[in-house]
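What follows is the residue order along each chain.
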Amino acid sequence: MIVVFLGPPGVGKGTQARRLCQLLAVPHLSTGDMLRQARGAGTPLGRHVAEFLDQGRLVPDEVVVSVVQQRLRQPDCRTGCLLDGFPRTLVQAQALEEMLAAEGHCIDRVLELTLAEEQLVSRMLQRAQRENRADDTPDTIQRRLDVYREQTAPLVARYAANSLLRTVDGGGTPDEVFARITACVGKGSVG
Ligand code: AMP
């Protein structure tokens, strides 16, 4: 099963994505995690993307597409995967469809998590204290929300048009949100 997670920064995508991956027994492909890892390891890719990450700007499409393309070729993705944080632009969405089609696959479900902007900001500020993420400062938080609204939110209409989209309220406890998510992918909640 191939699932795409869409949602603004701070909505809790990462936490929910990890849980859903366990339930569906598919790997979790978080482009944010992959890029942060590359930066931490100081690889050429990591050095190239560091500035984008720190400023809360999107890494260029061709760079992210190539990272995802290589990851999708790994054997553990044969049974499917959960894409968290990709695609984030229409160009990436198109590239993903082409990559999948080349292997005879397609997206099975797109889950959009939503939450009011004030709550997103307060969750990100809490995370900044907990995890010390360089891109969770007030300035970059605002930029990432703007980037989401301008470049990623338009994908919602694309996926709604082909009936792949399910919109899930990201408010409440993580368990409440997860119960809503599992209902959308046709799997009962475990544990
Ligand atoms: P995330 O952990 O998903 O919030 O991503 C953190 C940062 O990684 C973003 O603010 C971007 O700088 C970069 N990033 C992650 N995924 C993408 C993507 N699909 N396209 C461009 N940049 C991305």
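Our subject is the structure that appears above.
Small disclaimer: the values here were computed from a predicted structure and weren't measured.

Here is what the cut-offs are and how they apply
Residues numbered from 1 in each chain as written. Predicted model: local features only at pLDDT ≥ 70, side-chain atom pairs only at ≥ 80, totals over all residues. Heavy atoms only, no water. Near = heavy atom within 4 Å. Polar contact = N/O pair within 3.5 Å; in protein donor to acceptor, adjacent residues only side chain to side chain. Areas by Shrake-Rupley, 256 points an atom, 1.4 Å probe, with all protein chains shown as cover. Helix = DSSP H or I, 4+ residues; strand = E, 2+ residues; numbered from the N terminus. Nonpolar A, V, L, I, M, F, W, Y, C, P; charged D, E, K, R; others polar. Pairing = 2+ DSSP bridges. Axes fitted to C-alpha atoms, helices over the stretch in contact; angles between N-to-C directions. Contact = heavy atoms within 4.5 Å. Buried < 20%, exposed > 50% of the residue type's maximum accessible area, 1.4 Å probe, protein only. Salt bridge = Lys/Arg side-chain N within 4 Å of Asp/Glu carboxyl O.

**Some details on the site of the ligand**
In step 1: Taken together, 17 residues sit near the ligand, with T31, R57, G85, R88 and Q92 positioned nearest.
In step 2: Between a nitrogen atom of the ligand and a side-chain N or O atom of T31, the distance comes to 2.8 Å.
In step 3: Alone, the ligand offers 480 Å² of accessible surface; in the complex the protein occludes 96% of this.
In step 4: For the shell around the ligand, the secondary-structure elements that each account for two or more residues are α2 (31-41) and α3 (44-55).
In step 5: If one sorts the elements of the shell around the ligand by residue count, α2 sits on top with four residues.
In step 6: Of the residues in the shell around the ligand, the class split is seven nonpolar, four polar and six charged.

**Side note on the sheet that holds strand β4 (residues 109-114)**
In step 1: One open sheet accounts for five strands, arranged β2-β3-β1-β4-β5; its pairing is parallel. Two strands bound the open sheet, and with one partner strand each, they are β2 (28-30) and β5 (165-169). Direction aside, the axes of adjacent strands within the sheet are offset by 20° on average.
In step 2: As defined by bridge partners, β4 adjoins β5 across five bridges and the pair is classed as parallel. Bridged to E112 within β5 is T167.
In step 3: Relative to β2, α2 is tilted by about 65°, and along the sheet it contacts β2 and β3 (81-84).
In step 4: Contacting β1 (2-6), β4 and β5, helix α9 (residues 174-184) crosses the sheet at an angle of about 165° to β5.

**A closer look at the environment of R166**
In step 1: Looking at where R166 falls in the secondary structure, it is placed in strand β5.
In step 2: Residues within four places of R166 in sequence aside, it is in contact with R109, V110, L111, E112 and C184.

**Focus on the environment of D169**
In step 1: Turning to its location among the elements, D169 is positioned in strand β5.
In step 2: Among the residues examined, D169 registers a relative accessible area of 43% and is labelled partly exposed.
In step 3: Along the chain, D169 and L115 lie 54 residues apart, while their C-alpha atoms are 6.6 Å from each other.
In step 4: D169 has contacts with T114, V177 and R180, leaving out every residue within four places of it along the chain.
In step 5: Looking at D169, its side chain comes within polar contact range of the main-chain nitrogen of G171, at 2.8 Å.

**A closer look at the pattern of salt bridges**
In step 1: Applying the stated criterion to the full structure yields 12 salt bridges.
In step 2: D76 is the partner of R71 in a salt bridge, and the nearest nitrogen-oxygen pair spans 2.7 Å.
In step 3: On the basis of relative accessible area, D76 is assigned to the partly exposed category, the value being 37%.
In step 4: The partner of R149 in a salt bridge is E117, with the nearest N and O atoms 3.2 Å apart. Linking R149 in helix α7 (residues 138-152) with E117 in helix α6 (residues 117-131), this pair joins segments that are 32 residues apart in sequence.
In step 5: By relative accessible area, which is 31% here, E117 ends up partly exposed.
In step 6: A single network of salt bridges, built from pairs that share partners, joins R18, D33 and R36.

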